[in-house]
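What the coordinates show
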Amino acid sequence: LYAEINAALKYAKQLNEAYQLNQELIAMHGKLHDMQGLNEAAESIAAVGGWEWDVEKQQLTWTSGVYDIFGLPQDTSLSVEKAISYYPDESRQRITEVLNRAMYEGEDYEVSLPIKRAGGEKRWIRTNGRVKKSQGQVTHVYGAISDITEHQNALENSQESNQFIRNILDNLSD
């Protein structure tokens, strides 16, 4: 009888430990969910997002911020080729070039390029990529994208204003 009671107590202790672990997992899941919501809010406010390309599996993963920047629903099926198709002709060659150098030569990069969102709206983005290697081979390229359209528009407006002023000053000296 003593052995049976001892086994039952041991089993009850294991059940209690399993219950405690389950409660900890539930709490951690809640914290993770809260952090994910915070991350998504921060991405939306800052107009940034993260991405990862698993080179071996040819699988591209975006955070919600990148989907927002490209104007796509989050359930959109992704591939590197499809992502590159959102870059207009004048920048498609450049993004392909930096991705190829990252994949084949292990080079990190940072570039600013125009994109065309899903609805056709032109936006400017800054994207950077970092490589992850295993046994000397690039296995992943990951990075961030930020929408710099407002900054780019302000820069272009400033350049146009400067050119306008230079033209006026040139005409005054004639």
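My aim in this report is to walk through the structure given alongside it, one point at a time. Everything numeric here is computed off the predicted structure, so don't read it as measured data.

Further remarks concern the pairing of strand β5 (residues 137-147). The buried fraction of β5 amounts to 8 of the 11 residues, a majority that puts the element mostly inside the structure. Inspection of the sheet shows strand β1 (residues 48-54) paired to β5 by 7 bridges, in the antiparallel sense. Note that in β5 the partner of Val-48 across the bridge is Ser-146. Two strands pair when backbone bridges link them, and strand β4 (residues 122-134) and β5 are joined in this way by 10 bridges, in the antiparallel orientation. The residue of β5 that forms the bridge with Ile-125 is Asp-147.

Counting 29 residues, the largest nonpolar core has Trp-51, Trp-53, Trp-62, Phe-70, Ile-95, Tyr-109 and Val-141 as the members making the most contacts within it. Contributions of two or more residues to this core are made by β1, β2 (59-62), α2 (64-70), α3 (80-84), α4 (89-105), β3 (109-116), β4 and β5. In terms of residue count, the dominant contributor to this core is α4 (5 residues). Residues contacting Trp-53, with those up to four places away along its chain left out, are Gln-58, Gln-59, Leu-60, Val-80, Leu-99, Met-103, Thr-139, His-140 and Val-141.

A positive phi angle, near 55 degrees, is found at Gln-58, a position not held by glycine. Summarising the element assignment, Gln-58 is placed in the loop between β1 and β2. Within the chain, Gln-135 stands out as a residue other than glycine whose phi angle is a positive 55 degrees. Gln-135 gets classed as exposed once you look at its relative accessible area, which sits at 80%.

Moving on: empty space enclosed by the protein. Counting across every chain of the model gives 1 cavity of 30 Å³ or more. Considering the residues around the largest cavity, the lining is formed by 14 residues, among which Trp-51, Leu-60, Ala-83, Tyr-87 and Leu-99 are closest to the centre. Among the elements of the structure, β1, β2, α3 and α4 are those that each provide at least two residues to the lining of the largest cavity. Examining the composition of the lining of the largest cavity, we find that 3 residues originate from one element, α3, more than from any other. Looking at the lining of the largest cavity residue by residue, the classes come out as 13 nonpolar, 1 polar and no charged.

What follows is about the environment of Ala-83. Relative to the elements of secondary structure, Ala-83 occurs in helix α3. The sequence separation of Ala-83 and Arg-94 amounts to 11 residues, and the corresponding C-alpha distance is 13 Å. The residues touching Ala-83, leaving out its near neighbours within four places in the chain, are Leu-60, Trp-62 and Phe-70.

Here we take up α4. Taking 1.5 Å per residue, 17 residues should reach 24 Å; α4 reaches 24 Å between its end C-alpha atoms and fits that length. Of the positions making up α4, those classed as buried are Ser-91, Ile-95, Val-98, Leu-99, Ala-102 and Met-103. Buried residues along α4 cover an arc of 130 degrees about the axis, so they all sit on one side. Across α4 from its buried face, at more than 90 degrees, point the exposed residues Asp-89, Glu-90, Gln-93, Tyr-104 and Glu-105. Next to the buried residues of α4 lie β1, α3, β3, β4 and β5. Of the residues trailing α4, Gly-106 is marked for its positive phi of about 70 degrees.

Rules used throughout
- Residues numbered from 1 in each chain as written.
- Predicted model: local features only at pLDDT ≥ 70, side-chain atom pairs only at ≥ 80, totals over all residues.
- Heavy atoms only, no water.
- Buried < 20%, exposed > 50% of the residue type's maximum accessible area, 1.4 Å probe, protein only.
- Helix = DSSP H or I, 4+ residues; strand = E, 2+ residues; numbered from the N terminus.
- Pairing = 2+ DSSP bridges.
- Core = buried A, V, L, I, M, F, W, Y, C linked by side-chain atoms within 4.5 Å.
- Contact = heavy atoms within 4.5 Å.
- 1 Å grid on protein atoms, 1.4 Å probe; cavity = no way out; pocket = protein on both sides within 12 Å on 5 of 7 lines; lining within 4 Å.
- Points joined across faces, edges and corners; volume = space filled by probe spheres on them.
- Nonpolar A, V, L, I, M, F, W, Y, C, P; charged D, E, K, R; others polar.
- Expected span 1.5 Å × (residues − 1).
- Arc of directions from axis to C-beta.

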